[in-house]
Amino acid sequence: MLHIHNSMTKKKELFTPIEAGKVKLYVCGMTVYDLCHVGHARVMVIFDVVTHYLRANGYEVTYIRNITDIDDKIIARAHKNGENIKELTERFIAEMHHDADALGVLRPDKEPQVTESIVEIIRMIETLIDRGYAYTSKNGDIYYDVSAFESYGKLSGRNIDELRKNKFTTTLDQTKDDPLDFVLWKAAKPEEPAWNSPWIRGRPGWHIECSAMSTKSLGQRFDIHGGGQDLQFPHHENEIAQSEGAHGCQPVNYWMHNGFVRINNEKMSKSLGNSFTVREILKKYDPEIIRYFILNSRYRSPLNYSNQQLDQAKNALTRYYTALRDIEIAPNIDWKNDIYFGTRFKMAMDDDFNTALALSVMAEIRLELNKAQRNKTQARIIYLASLLRSAGKILGLLQQSAKNFLMGNIINNNKRTKIKTLIETRNIARKQRDWVKADQMRDELIEMGVVLEDTNKQTNWRNV
RNA sequence: GGCUGCGUGGCAGAGUGGUUAUGCAGCGGACUGCAACUCCGUAAACGCCGGUUCGAUUCCGACCGCAGCCUCCA
């Protein structure tokens, strides 16, 4: 029985979909003006696992992750680059897909873009005006009237009066009736992209697009809405105000917010200038290492980024793949049918997607697998290795060939040949009990970043 | 200032009112020509102070420290 921590109630709740057997999931995706950083990777990986797990439980999942392709920062970046906005956003959408693919993140079922949803956005704003939740300001912008929405603040635990106090001390926007009101539609400056509307020619505000796109893709009510913790306020709060204001019903049943990635105990973010792009990390680490690193802690906790952490993840994965090396997988073996490990894996995942605990079960499977290898119990070896691959599939781990993970860095054929030659020479020396020569060969390989493992049958090698 | 959340062994990270995961690293042993791999064993923790309790790391309260949101942000 799957339980999900609902940010709205701050409790773990039994998951019950609106429609039996189906799950509608919406996740706030990227604003595309730069490369993905680790924080983006975290959202993508987490909800990829959520989707995998729901599907493994037999749900038919519709997974929507939007792309914000028009906003102030995009305009500013395009201007700075001297680049066309469309070119810029298309470029970074492609880059995002590149990173997502590398990380083994499946594409969502749909990735709606704001610029392709203007009609729906305008329609929703009209509804909000009709229903008394929005007004036209003096300068022609359309604002949401927060005071009209009684339960404003319920998701983030804000008190409207407290918020007002803070707002008054900072900015006072003369065009708004209330400093808390937020813009739904705003006038575009001359060179900015703009669309015709019943009001001023302009473009949508920041929050309305998610309300419009989730409605467009999933309907007025859906099961799960996900995103980073920083979106809880004001973005998701405003989304609720918009959707509920327009439709008169609660839009989302379960809100899931993932914790931040931190670096040196500080939130990683572009504005702080302390972010690492996925691309940078991929230069040094296999993408699966990033995935393991992300899934080794619970999605709601903060995640500290450091090279030491990635190295630990790398060592752990090396041990998994070492255990899996040279074993044929039986594809019909499914973790769900395993009483001992499978049940505990499921219990972990059922507990609000406790991937860290699920990984500890996988570590136990690995131990049993290694024991089976020592005992040479062939059927058991195949079973456990298949079990490991099957469970790993939910987490998007252990899906590549062991050789690829362990030896993949060295793609240069000459180098491979040299490694092979050195190993052969060394093994001849070993037969002749010429240990000095044999050790020379091995040292030379270590210099090349290659570690040897002798077995009775053969000598295996892998990258350091 | 307001509102959240957090503080677990060397590092990372689960979890629990009593038997105290897991990973990486360490130590001892087995295996090995020596290593590596692997296995066996081992040590080590619950911020501080009170309270509740037969018993608290786990519940409650104060304190200290940290992070986040309140402005763009995954």
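Remember, predicted model here, so these are calculated numbers, not experimental data.

Criteria and thresholds
- Residues numbered from 1 in each chain as written.
- Chains lettered and ligands numbered in written order.
- Predicted model: local features only at pLDDT ≥ 70, side-chain atom pairs only at ≥ 80, totals over all residues.
- Heavy atoms only, no water.
- Salt bridge = Lys/Arg side-chain N within 4 Å of Asp/Glu carboxyl O.
- Near = heavy atom within 4 Å.
- Polar contact = N/O pair within 3.5 Å; in protein donor to acceptor, adjacent residues only side chain to side chain.
- Helix = DSSP H or I, 4+ residues; strand = E, 2+ residues; numbered from the N terminus.
- 1 Å grid on protein atoms, 1.4 Å probe; cavity = no way out; pocket = protein on both sides within 12 Å on 5 of 7 lines; lining within 4 Å.
- Points joined across faces, edges and corners; volume = space filled by probe spheres on them.
- Nonpolar A, V, L, I, M, F, W, Y, C, P; charged D, E, K, R; others polar.
- Domains from an automatic or database assignment.
- Pairing = 2+ DSSP bridges.
- Right-handed = clockwise from strand over helix to strand, strands pointing away.
- Expected span 1.5 Å × (residues − 1).
- Buried < 20%, exposed > 50% of the residue type's maximum accessible area, 1.4 Å probe, protein only.
- Arc of directions from axis to C-beta.
- Contact = heavy atoms within 4.5 Å.
- Axes fitted to C-alpha atoms, helices over the stretch in contact; angles between N-to-C directions.
- Parallel < 35°, antiparallel > 145°, perpendicular 65-115°, else oblique.
- Left-handed = near helix turned anticlockwise from the far one by under 90°.

Considerations on the pattern of salt bridges
Part 1: For the structure shown, the criterion picks out 30 salt bridges.
Part 2: In this structure, a network of salt bridges that share partners links the residues Asp72, Lys186, Lys189, Glu192 and Arg203.

Structural notes on the protein's contact with RNA strand B
Part 1: Close to RNA strand B lie 63 residues, the nearest being Trp206, Gly228, Leu231, Met268 and Arg319.
Part 2: For RNA strand B, a sugar or linking oxygen lies 3.1 Å from a polar atom in the side chain of His40.
Part 3: Between Asp439 and RNA strand B, the recorded distance is 2.7 Å, taken from a side-chain N or O atom to a base nitrogen.
Part 4: No other element matches the nine residues that helix H12 (residues 355–375) contributes to the surface near RNA strand B.

Notes on the layout of surface pockets
The gaps of empty space that remain are located by a probe, the size of a water molecule, rolled over the atoms.
Part 1: The space that makes up the second largest pocket amounts to roughly 800 Å³.
Part 2: Lining the second largest pocket are 20 residues, and of these Gln373, Arg374, Lys376, Thr455 and Lys457 lie nearest its centre.
Part 3: Elements with a contribution of two residues or more to the lining of the second largest pocket: helix H10 (307–324), H12, helix H13 (378–395) and strand E14 (450–454).
Part 4: When its residues are assigned to classes, the lining of the second largest pocket shows four nonpolar, eight polar and eight charged.
Part 5: Both of domain 2 (307–406) and domain 3 (411–463) provide at least three residues apiece to the lining of the second largest pocket.

Some points on the pairing of strand E4 (residues 60–65)
Part 1: Looking at chain direction, strand E3 (residues 22–27) and E4 are connected through six bridges and run parallel. The partner of Lys24 across the bridge, within E4, is Thr62.
Part 2: After leaving E3, the chain enters helix H1 (residues 38–56) and then returns to the sheet as E4, a path that is right-handed.

Quick look at helix H3 (residues 85–102)
Part 1: Across its 18 residues, H3 extends 26 Å between first and last C-alpha, which sits within 8% of the 26 Å expected from 1.5 Å per residue.
Part 2: Listed in full, the buried residues belonging to H3 are Ile85, Leu88, Thr89, Phe92, Ile93, Met96, His97, Asp99 and Ala100. Buried residues in H3, looked at end-on, bunch into an arc of 165°, giving them a common side.
Part 3: In this fold, the buried residues of H3 make contact with H1, E4, helix H2 (72–81) and helix H8 (278–282).
Part 4: Phi turns positive one or two residues past the end of H3, at Gly104, with a value near 75°.

A short note on the packing of helix H11 (residues 340–350) against H13
Part 1: Close contact between H11 and H13 brings their axes to 11 Å; oriented N to C, the two are set at 10°. It follows that H11 is roughly parallel to H13 by the angle criterion. For the element pair H11 and H13, the recorded crossing hand is right-handed. Residues Phe341, Phe345 and Met349 of H11 touch H13, and the partners they reach there are Leu384, Leu387, Ala391, Ile394 and Leu395.
Part 2: Here the residues of the contact of H11 with H13 are counted per class, giving eight nonpolar, no polar and no charged.

Topic: the sheet that holds strand E5 (residues 134–136)
Part 1: With antiparallel pairing, four strands are arranged side by side in an open sheet as E5-E6-E7-E8. Edge strands, defined here as strands with exactly one partner in the open sheet, are E5 and strand E8 (202–204). With strand direction ignored, the average angle separating the axes of adjacent strands in the sheet is 20°.
Part 2: Relative to strand E6 (residues 142–144), E5 runs antiparallel, the two being bridged by three bridges. Counted as the bridge partner of Ala134 is Tyr144 from E6.
Part 3: This element, helix H4 (residues 118–130), spans E5, E6, strand E7 (182–187) and E8 of the sheet and lies at about 120° to E7.

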